[in-house]
Amino acid sequence: MSEQIDTNNADTLARFAIRLGDDALILGQRLCEWSSNAPTLEEDLALSNVALDFLGRARMLYGYATQIRGGSEDELAFTRDERQYENLLLVELPRGDFAYTMLRQYLLDAFEDLYFAALTQSTDPTLAAVAAKTVKEVDYHLRRSTDWIRRLGLGTEESHQRLQNATDELWGYVDELFETDTLEQGLIKQNIAVDRADLQTAWCKRVTELLSASNISVPETPWQVSGGRRGLHTEHLGHLLSEMQYMQRAHPGQQW
Amino acid sequence: MQNTHTDFETQFERKIDAEEKIEPKDWMPEAYRKNLVRQISQHAHSEVIGMQPEGNWLTRAPSLKRKCILLAKIQDEGGHGLYLYSAAETLGVTREELVEALHEGRAKYASIFNYPAVTWADIGAIGWLVDGAAIVNQISLQRTSYGPYARAMVRICKEESFHQRQGYEIMVKLAEGNAAQKAMAQDAMERWWWPSLMMFGPHDAESAHSAQSMLWKIKRQSNDNLRQKFVDQTVPQAEAIGLTIPDKDLKWNEARGHYDFGDIDWDEFNRVVSGNGPCNRQRLQHHVKAHEDGAWVRDAMSAYAARQQPNA
Ligand SMILES: [Fe+2]
Ligand SMILES: [Fe+2]
């Protein structure tokens, strides 16, 4: 029976890699939308850099999943439906204005900084290696988004108001960052995955400090939405996927 | 008017004759400076406007690998825009002024980007043909007489050859694919071939700025020469993957050692240059909108920077 257990574990591990890949792919796709739309040419290129990091991370994680259970990265990206994607809701939300994009980025960067640092200690060597590479990228993302939060929060009345609006809109999606389901709990027990709940205090402290230093108030009404990990998404994901998957759906099984 | 040469003029001409680069601090005739600002800024705007047709496929690229390659390519083009704006700024203009001239229709960009990228094969055709044509021109501009422009070209050429290869690779994959993919590739070939040839501009005799630019060594090779070079290098590439070039007059001329090819539809060329291409309005409006949408961000940047200055 030990083979049975190993197979289950392998499948769990693959699903875990895929959902982390989903987070990266969906945000990478959203960031692509900024190309030739950014406020400066320099920022256009910087957003592309960040998008490339996320897309590259998705490919590493999907690649690991396909090593475990076969298939291809493109099958994972382009042939799964909304209900099969397990990304966080936060990353699928439409790009909004620049303040919204940067706040979303900051909230996630601050989380990923803690998360991937911890994941470098994973007992799974591949995940630990992906995390080690990701930590360096996140360091750059977080420095950038931190700067932008300060600039927008303390810049002009308009930029401050837009950043405050973004905070009010996005705050309800942050709890999901710290939720752990049974799939991850199993992996946490084996020290393969990281317990997200352990990171919440440090994250809250860091984020509220920067936001208040940037004159942004954190919403007090406790609303929160989640469901991404169960494949229960916002209505936005379907549109993102139909655009992203169009070619593979129209010409199934072709090489490009 | 007396035709007296100043020491400055003599010095300038000596440098041009000796193939020495003119540098930003050197004296230069006002017309030389103006000609350069026009050409370099047009080149910079082309890099930036060219991000749009390719960006049209970024969110729909058919594989993750292609998406990453395309995003990196578009990012390179934006980077080329930056190098070129910096080169233009050494001539005493600001990027803001150049962008304003673009928005007001006083500055041009490459007319090729006024055609739409309607299928995925267009991304292949743009990389292969449009970047391919751009490289031929840019290689020759590595020897242009203005130092900062020549150096920007050297950096740019290194990246352009990747773009051309990746575009061709897209076409190869399509040509190896199923009937729909092959048809997509051939259709793109038909739509992009002539506009790519038009990228080299009018025949030498009709080119408004050519003669003076050649004398000043801003331009190093004639439009027709460069166009011939592009045709000669591209025809065998098309043949290798079974694509038909839409020109019944195209054939190898043993005596000349070059391909003969049919004449460009200059009415079409003039139509698109003068604003009647399928996307002229769209491209400009897109650029203006992104610029206006970003105004509050740029304001915030400068307000924040001003606050960070001590005693400000
Ligand atoms: Fe370029
Ligand atoms: Fe290029």
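Here the structure is a predicted model, which means the values were calculated and not measured.

(A) View of the overall build of chain A. The secondary structure content of chain A amounts to 11 helices and zero strands. Order of helices (α) and strands (β) in chain A, N terminus to C terminus: α-α-α-α-α-α-α-α-α-α-α. Its C-alpha atoms give chain A a radius of gyration of 18 Å, within 12% of the compact-globule value 18 Å for 256 residues. Along the longest, intermediate and shortest principal axes, the C-alpha atoms of chain A span 65 × 40 × 30 Å.

(B) Here's a closer look at the domain arrangement of chain A. Residue and element names in this part refer to chain A. According to the domain assignment, chain A contains domain 1 (8-95 + 226-256) and domain 2 (97-216). Each of domain 1 and domain 2 has a C-alpha centre, and these two points are 18 Å apart. The partner domain 2 presents 37 residues to the 35 residues of domain 1 that form the contact. Of the roughly 3,400 Å² buried where domain 1 meets domain 2, counting both sides, 63% is carbon and sulfur surface.

(C) Highlighting the packing of helix H8 (residues 179-198) of chain B against helix H10 (residues 223-240) of chain B. Residues and elements named next belong to chain B. Between H8 and H10, the shortest axis-to-axis distance is 10 Å and the interhelical angle comes to 160°. In terms of orientation, H8 and H10 fall into the roughly antiparallel class. Once H8 is placed against H10, the crossing between them reads as right-handed. Of H10, the residues touching H8 (which contributes Met189, Trp193, Ser196, Leu197 and Met198) are Arg227, Phe230, Val231, Thr234 and Ala238. Taken together, the residues that form the contact of H8 with H10 break down as seven nonpolar, two polar and one charged.

(D) Inspection of empty space enclosed by the protein at higher detail. Inspection of the entire model under this criterion finds four cavities of 30 Å³ or more. What the largest cavity holds in volume is close to 110 Å³. What lines the largest cavity is simply B:Glu54, B:Arg66, B:Ile69, B:Leu70, B:Lys73, B:Trp120, B:Ile123, B:Gly127, B:His163, B:Gln166, B:Gly167 and B:Ile170. Within the residue set of the lining of the largest cavity, elements represented by two or more residues are helix H4 (64-89), helix H6 (120-141) and helix H7 (147-175) of chain B. For the lining of the largest cavity, a count of residues per class yields five nonpolar, four polar and three charged. In this structure, the second largest cavity encloses a volume near 70 Å³. Put simply, the parts of the chain that give the lining of the second largest cavity at least two residues each are helix H1 (2-32) and helix H5 (98-119) of chain A. Counting residues per element, the lining of the second largest cavity draws most heavily on H5(A), at five residues. Its residues assigned to classes, the lining of the second largest cavity shows six nonpolar, no polar and five charged. In this structure, the lining of the second largest cavity is formed jointly by two domains, domain 1 (8-95 + 226-256) and domain 2 (97-216) of chain A, each of which donates at least three residues.

(E) Highlighting the layout of surface pockets. What the second largest pocket holds in volume is close to 520 Å³. Taken together, 21 residues form the lining of the second largest pocket, with A:Pro39, A:Thr40, A:Leu41, B:Val99 and B:His291 sitting closest to its centre. Secondary-structure elements contributing two or more residues to the lining of the second largest pocket are helix H2 (41-69) of chain A together with H4, helix H5 (95-103) and helix H12 (280-293) of chain B. At five residues, H5(B) tops the list of elements feeding residues into the lining of the second largest pocket. Among the residues making up the lining of the second largest pocket, the classes are represented as seven nonpolar, seven polar and seven charged.

(F) Representation of the coordination of the iron ion (ligand 1) in the model. Residue and element names in this part refer to chain B. Those donors, Glu47 (OE), Glu77 (OE), His80 (ND1) and Glu160 (OE), are the protein atoms that reach the iron ion (ligand 1), and they lie 2.0 to 2.2 Å from it. If you list the donors of the iron ion (ligand 1) from N- to C-terminus, the spacing comes out as E-x29-E-x2-H-x79-E. A gap of 3.4 Å separates the iron ion (ligand 1) and the iron ion (ligand 2), which glutamate 77 links by coordinating each metal. One end of the pair, glutamate 47, is in helix H2 (residues 30-49); the other, glutamate 77, is in helix H4, and 30 residues separate them in sequence. Summarising the burial analysis for this pair, glutamate 47 and glutamate 77 share the class buried.

(G) Representation of the environment of A:Val174 in the model. Residues and elements named next belong to chain A. Assignment of secondary structure puts valine 174 in the loop between helix H7 (157-170) and helix H8 (182-189). When its relative accessible area of 3% is taken as the criterion, valine 174 is described as buried. Sequence separation of valine 174 and aspartate 195 is 21 residues, and the distance between their C-alpha atoms is 16 Å.

(H) Region of the structure containing the coordination of the iron ion (ligand 2). All names here are of chain B. Listed as protein donors to the iron ion (ligand 2) are Glu77 (OE), Asp131 (OD), Glu160 (OE) and His163 (ND1); their distances from the metal cover 1.9 to 2.2 Å. Around the iron ion (ligand 2), the four donor atoms sit at angles spanning 89 to 165°, and that spread fits a shape best called irregular. Each donor residue of the iron ion (ligand 2) belongs to the same chain, and together they define the spacing E-x53-D-x28-E-x2-H. Residue glutamate 160 is classed as buried on the basis of its relative accessible area of 2%.

Cut-offs applied
- Residues numbered from 1 in each chain as written.
- Chains lettered and ligands numbered in written order.
- Predicted model: local features only at pLDDT ≥ 70, side-chain atom pairs only at ≥ 80, totals over all residues.
- Heavy atoms only, no water.
- Helix = DSSP H or I, 4+ residues; strand = E, 2+ residues; numbered from the N terminus.
- Rg over C-alpha atoms; globule rule 2.2 N^0.38 Å.
- Domains from an automatic or database assignment.
- Contact = heavy atoms within 4.5 Å.
- Buried area = accessible area lost by both parts, 1.4 Å probe.
- Axes fitted to C-alpha atoms, helices over the stretch in contact; angles between N-to-C directions.
- Parallel < 35°, antiparallel > 145°, perpendicular 65-115°, else oblique.
- Left-handed = near helix turned anticlockwise from the far one by under 90°.
- Nonpolar A, V, L, I, M, F, W, Y, C, P; charged D, E, K, R; others polar.
- 1 Å grid on protein atoms, 1.4 Å probe; cavity = no way out; pocket = protein on both sides within 12 Å on 5 of 7 lines; lining within 4 Å.
- Points joined across faces, edges and corners; volume = space filled by probe spheres on them.
- Donors = N, O, S within 2.8 Å, 3.2 Å for Na, K, Ca; no water.
- Buried < 20%, exposed > 50% of the residue type's maximum accessible area, 1.4 Å probe, protein only.
- Tetrahedral: all angles 85-135°; square planar, octahedral: opposite > 155°, others 65-115°.

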